[in-house]
Amino acid sequence: MYYVRSKLVESRGALHIHYRLLLSGPVQLSNTNCTSKAISNYLYKYPHISRKFVSTETVNTEKATIKSSKFGRKVITVSSLIISAAAVFAILNHKHAEAENNKQEKIFSRVLKRGGPKNLLIADRLIDEGDSDINKPRLVILGSGWGAISVLKELEKDKYHVTVVSPRNYFLFTPLLPSATVGTLETRSLLEPIRSLIKSVSAYFLEAKATDICFSEKLIELSPDSDEPFYIPYDKLVIAVGSKSITYGIEGIEHCHFLKSINDARMIRKKIMDNFEKASLPTTSPEEKKSLLSFVVCGGGPTGVEFAAELYDFLTEDVVRYFPLILRNEVRVSIIQGQDHILNTYDAKISDFAEKKFRRDNINVITNARVQKIEPKHIVYKMKDGEVKELDYGLVLWSTGIAMNPLTKTISEKLEVQKNTRALITDNRLRLKGVPDSSVYAIGDCSTIENPNLVKQLMQFFVDGDTDKNGHLSYSEFQTLAKKISRRYPITKSHLKKADILFARYDQDKSGTLELEELRIMFEDIDKKLTSLPATAQVAHQQGKYLGKKLNQIAVAHRTKKYPPSSDYSVDIDKPEPDVDDLLPPFSYAHFGSLAYVGNAAVADFGTGWTWMGGLPAVYLWRSVYFSEQISFRTRALLAIDWSKRFLFGRDISKF
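In this text, all values refer to a predicted model and were calculated from it rather than measured experimentally.

**A look at the overall build of the protein**
And then number 1: What the protein contains, in helices and strands, is 21 helices and 26 strands.
And then number 2: Evaluated residue by residue, the protein yields a buried proportion of 46% over its 656 residues.
And then number 3: Considering only contacts within the protein whose residues lie at least 6 apart along the sequence, 65% involve residues at least 24 apart.

**Overview of the confidence of the model for the protein**
And then number 1: Taken over all residues, the pLDDT of the protein has a mean of 85, while the share at 70 or more is 84%.
And then number 2: The model gives residues 42–46 a pLDDT under 50, and that stretch makes six contacts with residues more than four places away or in other chains.
And then number 3: Throughout residues 48–55 the model reports pLDDT below 50, and contacts reaching past four residues in sequence, or to other chains, amount to 23 contacts.

**A closer look at the UniProt feature "domain: EF-hand" (unreviewed entry) in the protein**
And then number 1: Under the feature "domain: EF-hand" (unreviewed entry), the UniProt entry names residues 453–488 and 494–529.
And then number 2: Secondary structure content for residues 453–488 is 61% helix and 0% strand, and the end C-alpha separation is 12 Å.
And then number 3: Counting secondary structure, residues 494–529 comes out at 69% helix and 0% strand; the distance between its end C-alpha atoms is 10 Å.

**Looking at the nonpolar core**
And then number 1: Counting 97 residues, the largest nonpolar core has Leu176, Leu190, Ile272, Phe276, Phe314, Phe358 and Leu551 as the members making the most contacts within it.
And then number 2: The greatest single-element share of this core, amounting to nine residues, is contributed by helix 10 (residues 302–322).
And then number 3: Look past the residues within four positions of phenylalanine 358 in its chain and what remains in contact with it is Val305, Ala309, Ile335, Ile342, Ile363, Val365 and Val598.
And then number 4: Counting residues in each nonpolar core, the second largest holds 28 residues, with Ala208, Met404, Val440 and Ala442 among its members.

**Some remarks on the sheet that holds strand 9 (residues 219–223)**
And then number 1: Here we have three strands laid out as an open sheet, ordered 8-9-10, and antiparallel in their pairing. A strand with exactly one partner marks an edge of an open sheet, and here the two such strands are strand 8 (209–214) and strand 10 (230–233). Between one strand axis and the next, the sheet turns through 30 degrees on average, direction left out of account.
And then number 2: Note: strand 9 against strand 10, four bridges, orientation antiparallel. If you follow leucine 222 over to strand 10, its bridge partner there is phenylalanine 230.

**Overview of the packing of aromatic side chains**
And then number 1: This structure, assessed with the given rule, holds 13 aromatic pairs.
And then number 2: Taking the centre distance of 5.9 Å and the plane angle of 85 degrees together, the rings of phenylalanine 461 and phenylalanine 523 count as edge-to-face. Of the two residues, phenylalanine 461 sits in helix 13 (residues 458–465) while phenylalanine 523 sits in helix 17 (residues 516–529), which places them 62 residues apart along the sequence.
And then number 3: Judged by relative accessible area, which is 1%, phenylalanine 523 ranks as buried.
And then number 4: Where tyrosine 597 meets tryptophan 622, the ring centres are 5.0 Å apart and the plane angle is 25 degrees; that geometry is what we call stacked.

**Some remarks on the pattern of salt bridges**
And then number 1: This model, assessed by the stated rule, comprises 24 salt bridges.
And then number 2: Taking the shortest distance from any N to any O, the salt bridge between aspartate 579 and arginine 431 comes out at 3.6 Å. Taken together, the positions of aspartate 579 in the loop between helix 18 (537–560) and helix 19 (580–583) and arginine 431 in the loop between strand 21 (424–426) and strand 22 (440–442) put the pair 148 residues apart, joining distant regions of the chain.
And then number 3: Judged by relative accessible area, aspartate 579 falls into the partly exposed class, the value being 22%.
And then number 4: By relative accessible area, which is 11% here, arginine 431 ends up buried.
And then number 5: With a closest N to O distance of 3.3 Å, lysine 433 and glutamate 450 form a salt bridge. Taken as a pair, lysine 433 in the loop between strand 21 and strand 22 and glutamate 450 in the loop between strand 23 (447–449) and helix 13 lie far apart in primary sequence, 17 residues in all.
And then number 6: Residue lysine 433 is classed as partly exposed on the basis of its relative accessible area, which comes to 27%.
And then number 7: Judged by its relative accessible area of 40%, glutamate 450 falls in the partly exposed class.

**Thoughts on a nonpolar patch on the surface**
And then number 1: On the surface, Met459, Val463 and Leu516 cluster together into a nonpolar patch covering about 250 Å² of accessible area.
And then number 2: A relative accessible area of 44% means that valine 463 is categorised as partly exposed.

**Concerning the sheet that holds strand 17 (residues 378–383)**
And then number 1: Taken in spatial order, the three strands of this open sheet run 16-17-18, and their pairing is antiparallel. Edge positions in the sheet fall to strand 16 (369–374) and strand 18 (388–392), since each has one partner strand and no second. Shown here is a sheet whose adjacent strand axes are inclined to one another by a mean of 30 degrees, direction ignored.
And then number 2: When strand 17 meets strand 18, the two strands line up antiparallel, connected through five bridges. Residue pairing in the sheet places isoleucine 379 in a bridge with leucine 391 of strand 18.

**Some remarks on the side chain of glutamate 306**
And then number 1: Relative to the assigned elements, glutamate 306 resides in helix 10.
And then number 2: No salt bridge is formed by the buried glutamate 306, whose closest oppositely charged neighbour, arginine 623, lies at an N-O distance of 11 Å.
And then number 3: Residues within four places of glutamate 306 in sequence aside, it is in contact with Pro175, Pro178, Leu595, Ala596, Tyr597 and Trp622.

Criteria and thresholds
- Residues numbered from 1 in each chain as written.
- Predicted model: local features only at pLDDT ≥ 70, side-chain atom pairs only at ≥ 80, totals over all residues.
- Heavy atoms only, no water.
- Helix = DSSP H or I, 4+ residues; strand = E, 2+ residues; numbered from the N terminus.
- Buried < 20%, exposed > 50% of the residue type's maximum accessible area, 1.4 Å probe, protein only.
- Contact = heavy atoms within 4.5 Å.
- pLDDT = per-residue confidence, 0-100.
- UniProt positions renumbered as here; feature names shortened; annotations may be inferred.
- Core = buried A, V, L, I, M, F, W, Y, C linked by side-chain atoms within 4.5 Å.
- Pairing = 2+ DSSP bridges.
- Axes fitted to C-alpha atoms, helices over the stretch in contact; angles between N-to-C directions.
- Phe/Tyr/Trp six-rings, centres within 6.5 Å; stacked < 30°, edge-to-face > 60°.
- Salt bridge = Lys/Arg side-chain N within 4 Å of Asp/Glu carboxyl O.
- Patch = residues over 30% accessible without salt bridge, like charges linked within 9 Å, V, L, I, M, F, W, Y side chains within 5 Å.
- Areas by Shrake-Rupley, 256 points an atom, 1.4 Å probe, with all protein chains shown as cover.
- Lys, Arg positive; Asp, Glu negative; His and termini not counted.

And the structure:
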């Protein structure tokens, strides 16, 4: 034992075990158990001592152990570094979040100041509002319909501090709303959350109803549900709040359903299914069944016609599959229209096609009739010849036109120049009449563009057109004048585009020139033909796109002080800082056609006498157009799924 220990001690400082073994070869140790045990103990106690007397097998084992130990240490080291880095990141992230929270608490811990006509709180800072937004012009958009969304999609990021205000937090694809009343489409397929649409411009959203506007102080009064009203300031304001259905003061209108929102569609769907379920009960009398299964539509416009068509499809395709067959013979669908024809804003050929189609489908079309009164179980209407009739109903849909909602009515009462009783009046650049600083715009159903009244400007136009100052207009002078008027008032373009025919028609004395009186007669005739743009999604969409692009140009012009050249009769070009709005072209509407679904068939009016009426090809055109107009891939996918489900399995007849 002493001999082994002394030999091991003497070997200190010798070569590494690997090299000594290569030089010396294997060394046989004592075979005694005592000696082997002693060597093992001293090797464990003095690992730095050269292992001269270890066998080759033992050395290989030690080498593998050392390598494994080194790899383990590396793994532990890398893991420690990763854990340390993650811990540092978590700490820094927590500190950043804490700093942001402290920043927001600092912003909102201060008391909001009060002001305005009603001394309300003024929310001049919003939650998550960054410092970079403070110096941007404040653009507030009221509404979440076609006009408002079209403005948002055209706006460029970082041009404005954008805030969207609406009592509903979703965009609704209204043209397909009748399809949701009978389960052809699910209501979710027509909705897109507003917050997903405003990300592209880093806008803010407030779910509240705008109830008043103070134009002098540029404050908007907002009323959240069951909360205190407050003001938000604006630099530019876009009013796109839509409209409500006009009721003409009819007694008993509370018994009617409307179709303006997604909740309206859900209520109608529930009412239809309730009526069918109640009519299926054995205790329901025959008279009550007839009343329950009588559906009346007041108004023969696109919404009323499409609802009647969807209801007819539901009756013929789904009711017979799920409800007693006897009920099909009891169902009646009626349309009451005050004009000579349904779809009277379309081409006459389309109106005739739709009426014949409905007669074949046993849909009762009552024209030249005015609703007088709506009782709880029947409707009273008066024919053009004075005859008064009654019609029992289980459901009445009121779809007769538009009227001002409370906000637009309040605005109209504030501004003296607002004389229209159904919509806010704007100029041809969509600026609200009565607000002098070009800071307020109105688009969509809530507005109407003022007609130019050419006769009132007769002398100005005549003097501008008479370039040689000889007291009359030659053909070339009139042609130039017609182009200028069309640029200034695009609504007159269709009436002035054939200058040669127009010139020959009003040159009454055949002198080859137009006198002042002849020009006056021409302008009078054109003024009589001018009509307001229809309150459709197509108009609101185009107005929103135009306004969004224009707001971008205005922001760039004010930032760079570079103004666009005048394109027409602008009177502000000599000002030090002109109104950029007057230097930009006015709004010009391009009609791409009107569509309507009439029950496994569709019609299209493209204007200028070009129409298309038919079965499945027209239906696929109708669907394709609305499919392409969707504002997100999500709603496109859902529409495709719903239409496929209807084809494969029929409509969803559940109440919700």
